[in-house]
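Summary of the model geometry
Residue strings, one per chain:
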Amino acid sequence: QLHLVESGGGLVQPGGSLRLSCASSGPILDPYAIAWFRQAPGKEREGVSCISSNGASITYADSVKGRFTISRDNAQKTAFLQMNSLKPEDSGVYYCVVRLAFNVCFNDYGDWGQGTQVSVSS
């Protein structure tokens, strides 16, 4: 089965930036939409951003719109989440998952794996 590994998290001050990566172990990434989720301590997992298989369709949660940018490189079998102007409320564990269709991007299911931790604090 397809396996995704997240990386790039860390500790930053408010206003800082991080770039998360989502690398696929499969032979190709092209057929799948990729969704980023995050989960803060004591809170439910929430959808952050999603990108369609060819990159033509993109969506963001209102809370990150204008600050985060999702992208993908199908040749490298990797998706990215560039996070700028980070706020303390952006803190949490970030996960990426595959989706068979863009219209189910933020449905709460998947093989969540380890995720990568983002901590925004002064």
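A few points on the structure.

About the cut-offs
- Residues numbered from 1 in each chain as written.
- Predicted model: local features only at pLDDT ≥ 70, side-chain atom pairs only at ≥ 80, totals over all residues.
- Heavy atoms only, no water.
- Helix = DSSP H or I, 4+ residues; strand = E, 2+ residues; numbered from the N terminus.
- Buried < 20%, exposed > 50% of the residue type's maximum accessible area, 1.4 Å probe, protein only.
- Phe/Tyr/Trp six-rings, centres within 6.5 Å; stacked < 30°, edge-to-face > 60°.
- Lys NZ or Arg CZ within 6 Å of the ring centre and 35° of its normal.

**Quick word on unusual backbone geometry**
- Of note in the backbone geometry, K77 takes a positive phi value of approximately 55° without being a glycine.
- Tracing the chain through its elements places K77 in the loop between β7 (68-73) and β8 (78-83).
- Relative accessible area serves as the criterion here: at 24%, K77 is assigned to the partly exposed category.
- Its identity as a non-glycine residue notwithstanding, S85 has a phi of 50°, on the positive side.
- Of note, S85 is situated in the loop between β8 and β9 (92-99).

**With respect to the packing of aromatic side chains**
- Throughout the structure, instances matching the rule amount to three aromatic pairs.
- Relative to F106, the ring of F37 has its centre 6.0 Å away and its plane inclined at 80°; by these criteria the two rings are edge-to-face. With F37 in strand β4 (residues 33-39) and F106 in the loop between β9 and β10 (116-120), the pair connects residues that are 69 residues apart, well separated along the chain.
- Assessed through its relative accessible area of 1%, F37 is described here as buried.
- Centre to centre, the rings of F37 and W112 are 5.0 Å apart; their planes meet at 75°, and the pair counts as edge-to-face. Of the two residues, F37 is situated in strand β4 and W112 in the loop between β9 and β10; the sequence distance between them amounts to 75 residues. By the burial criterion, F37 is buried, and W112 matches it.
- The ring centre of W112 lies 3.9 Å from the NZ or CZ of R45, which sits over that ring.
- Directly above the aromatic system of Y109 lies the positively charged group of R99, at a separation of 4.0 Å from the ring centroid.

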